[in-house]
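Now for the letters of each chain:
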Amino acid sequence: MTGPQIPSMQSSTLGEDGFLQVQEVSKKFGHVTVVDKVSLSIRRQEFFALLGSSGCGKSTLLRIMAGLETPTSGRIILDGQDITDLPAHQRPVNMMFQSYALFPHMDVAANVGYGLRREGVARAQICERVDEALALVQMGGYAAAMPAHLSGGQQQRVALARSLVKRPKLLLLDEPMSALDKKIRQHTQFELGSILQKVGVTCLMVTHDQEEAMTMTDRLAVMSEGVIVQMGTPESVYEAPNTRFSAEFIGSTNVFTGTLTAHAGDTLDCAELALPLQLPYALASARQGQPVTVSIRPERIRISRPADTDVPVSGRAEPTSNCARGVVEQIGYMGSYTLYYLRLPSGRVVMAHVPREVLAGFAQEPDYGDELALHWSVRSLVVLN
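Residues numbered from 1 in each chain as written. Predicted model: local features only at pLDDT ≥ 70, side-chain atom pairs only at ≥ 80, totals over all residues. Heavy atoms only, no water.

Draft legend 1. Geometry of the sheet that holds strand β1 (residues 20-29). Spatial strand order, β2-β1-β4-β5: 4 strands in an open sheet with antiparallel pairing. Lying at the two open borders of the sheet, with one neighbouring strand each, are β2 (32-42) and β5 (81-82). (Pairing = 2+ DSSP bridges. Helix = DSSP H or I, 4+ residues; strand = E, 2+ residues; numbered from the N terminus.)

Given below as structure tokens:
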């Protein structure tokens, strides 16, 4: 992608920790606590996401940062400045709304330059900055177009240009892809990330779409019922969820709960499985009989015919003491892999994502009603809090 870069208003060291600090922020509406003592720290030029289902408090927290809501308690610090009590129009923050909120009676150039005109910026400078912003989002040829004549993706770019033209220290994105269809959304995810990286603006995005958060951001926080339950890189949150909520919200997973049966604290007896689960490490602080919950991602489960010998993953022998048998109940063709739902003798249904190249090794692909052996390595298990 080519085009001029809009200069940044940032004044401190690139990548500085704590550029945006949310300190013990709470918000109550009457007796209902929507945001409950949330704290987080975002680095300069970081792309950060608040991820959670509807009603978890993420949008309220975003509006607090924008100055559209007043926190019941807590502080917001941006680039060393306490902005908690600053009115929205005085904050070095811009927000791109879910609906894009373009003025239908103004052309693209007028929409992008609206905020600059409100600030009294000279006409020549407005024209220059609007041209820069439109070139950045590859909309330079649409300055005279009306919003109604633009596609959803084009409207999103105009809204982004309008958000960036004022050179904010912090850009807030509220469900930025929700108005786009899936094909355009997937393309735009990378395009938007590329633009924001080029500008170097610090960005906080709110979304309920895990694919958006995983694809676009440097780090993310998973929210539930007004609190942050886990924070980290997309990879770390996916590979090592710390709670059942995180494990089930980010991607899909199989969750089992059982009790510790070995004095070493590394074997789990689960009523839904015929054989014990071998844990990836000993739970030193656990006691025998203590309930423990574990997660197994569907792509970590291998399948074979019950009579077949187990085939080591990647040519290396791995511990495969964890196994079960199940009957194929549902099959979903997903292109690069097939999704199998297998019912165990206990009645529990387990999901397995099987790559197409693995299925090519079967004399006949598993079908409805077939009994299959399920295997997973000890390292595939994640112990949840």
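Resuming the write-up.
Draft legend 2. Looking closely at the side chain of Ser224. Of note, Ser224 is situated in strand β9 (residues 219-224). When residues no more than four places from it in sequence are discounted, the contact partners of Ser224 are Cys56, Val229 and Phe245. (Contact = heavy atoms within 4.5 Å.)

Draft legend 3. A look at the side chain of Arg91. The topology assignment puts Arg91 in the loop between β5 and β6 (93-96). Separated by 3.0 Å, the side chain of Arg91 and the backbone oxygen of Ile64 make a polar contact. Ignoring any residue separated from it by four or fewer positions in sequence, one finds Arg91 in contact with Ile64, Met65, Ala66, Gly67, Ile83, Thr84, Asp85 and Leu86. (Polar contact = N/O pair within 3.5 Å; in protein donor to acceptor, adjacent residues only side chain to side chain.)

Draft legend 4. Examining the packing of helix α2 (residues 108-118) against helix α3 (residues 123-136) more closely. At a closest axis distance of 9 Å, the pairing of α2 and α3 adopts a crossing angle of 125°. The angle between α2 and α3 falls in the class oblique. Taken as a pair, α2 and α3 cross one another with a handedness that is right-handed. Mapping the contact onto sequence places Val108, Ala109, Val112, Gly113, Leu116 and Arg117 in α2 and Ile126, Arg129, Val130, Ala133 and Leu134 in α3. (Axes fitted to C-alpha atoms, helices over the stretch in contact; angles between N-to-C directions. Parallel < 35°, antiparallel > 145°, perpendicular 65-115°, else oblique. Left-handed = near helix turned anticlockwise from the far one by under 90°.)

Draft legend 5. Summary view of the environment of Leu277. When you line up the elements, Leu277 lands in strand β13 (residues 277-278). Given the relative accessible area of 1%, Leu277 is considered buried. Separated by 104 residues in the primary sequence, Leu277 and Leu381 place their C-alpha atoms 9.0 Å from one another. Ignoring sequence-local partners within four residues, the contact set of Leu277 consists of Phe256, Asp266, Thr267, Leu268, Val294, Asn322, Trp376 and Leu381. (Buried < 20%, exposed > 50% of the residue type's maximum accessible area, 1.4 Å probe, protein only.)

Draft legend 6. Structural view of the pattern of salt bridges. Counted by the stated rule, this structure contains 15 salt bridges. Between Glu119 and Lys166 there is a salt bridge, and its shortest N-O distance comes to 3.0 Å. In this pair, Glu119 is assigned in the loop between α2 and α3 and Lys166 in the loop between α4 (152-164) and β7 (170-174), connecting sequence segments 47 residues apart. Across the pair Arg348 and Glu272 runs a salt bridge whose closest N-O atoms are separated by 2.9 Å. A residue pair is termed long-range when its members are at least 10 positions apart, and Arg348 in the loop between β17 (337-343) and β18 (349-355) and Glu272 in the loop between β12 (267-269) and β13 qualify at 76 residues. In this structure, a network of salt bridges that share partners links the residues Arg43, Glu46 and Arg219. (Salt bridge = Lys/Arg side-chain N within 4 Å of Asp/Glu carboxyl O.)

Draft legend 7. How the structure looks around the pairing of strand β4 (residues 73-78). Across 5 bridges, the pairing between β1 and β4 is antiparallel. Counted as the bridge partner of Gln21 is Ile77 from β4. One ladder, built from 2 bridges, connects β4 with β5; its direction is antiparallel. Residue pairing in the sheet places Ile77 in a bridge with Asp82 of β5.

Draft legend 8. Focus on α3. Under the 1.5 Å per step criterion, the end-to-end length of α3 is 20 Å for 14 residues, consistent within 8% with the ideal 20 Å. Those residues of α3 lying buried are Ile126, Arg129, Val130, Glu132, Ala133, Leu134 and Leu136. Directly after α3, the chain includes Gln138, whose backbone phi takes a positive value near 60°. (Expected span 1.5 Å × (residues − 1).)

Draft legend 9. Quick peek at the environment of Val158. Mapped onto the secondary structure, Val158 falls in helix α4. Judged by relative accessible area, Val158 falls into the buried class, the value being 1%. Expressed as a C-alpha distance, the spacing of Val158 and Gln138, which sit 20 residues apart in the sequence, is 9.4 Å. Val158 has contacts with Leu102, Val108, Val112, Met139 and Leu150, leaving out every residue within four places of it along the chain.

Draft legend 10. Geometry of the pairing of strand β8 (residues 202-207). Counting buried positions over the 6 residues of β8 gives 6, a clear majority of the element. Taking every second residue as pointing to the same face, both faces of β8 are buried, with Thr202, Leu204 and Val206 on one and Cys203, Met205 and Thr207 on the other. Of the pairings in the sheet, the one linking strand β3 (residues 47-51) to β8 comprises 5 bridges and is parallel in character. Bridge pairing in β8 places Phe47 opposite Cys203. By the bridge criterion, 5 bridges tie β7 to β8 in an arrangement that is parallel. The residue bridging Leu171 from the neighbouring strand is Cys203, located in β8.

Draft legend 11. The arrangement of helix α1 (residues 58-66) in detail. With 7 of 9 residues buried, α1 is to be regarded as a mostly interior element. Those residues of α1 that fall on the buried side of the exposure criterion are Lys58, Thr60, Leu61, Leu62, Ile64, Met65 and Ala66.

Draft legend 12. Layout of the packing of α2 against α4. Where α2 meets α4, the axes come as close as 7 Å, and the angle between the chain directions of the two elements is 30°. It follows that α2 is roughly parallel to α4 by the angle criterion. With respect to the hand of their crossing, α2 and α4 are arranged in right-handed fashion. Across from Val108, Asn111 and Val112 in α2, the residues of α4 making contact are Val158, Ala161 and Arg162. For the contact of α2 with α4, the residue count by class is 4 nonpolar, 1 polar and 1 charged. (Nonpolar A, V, L, I, M, F, W, Y, C, P; charged D, E, K, R; others polar.)

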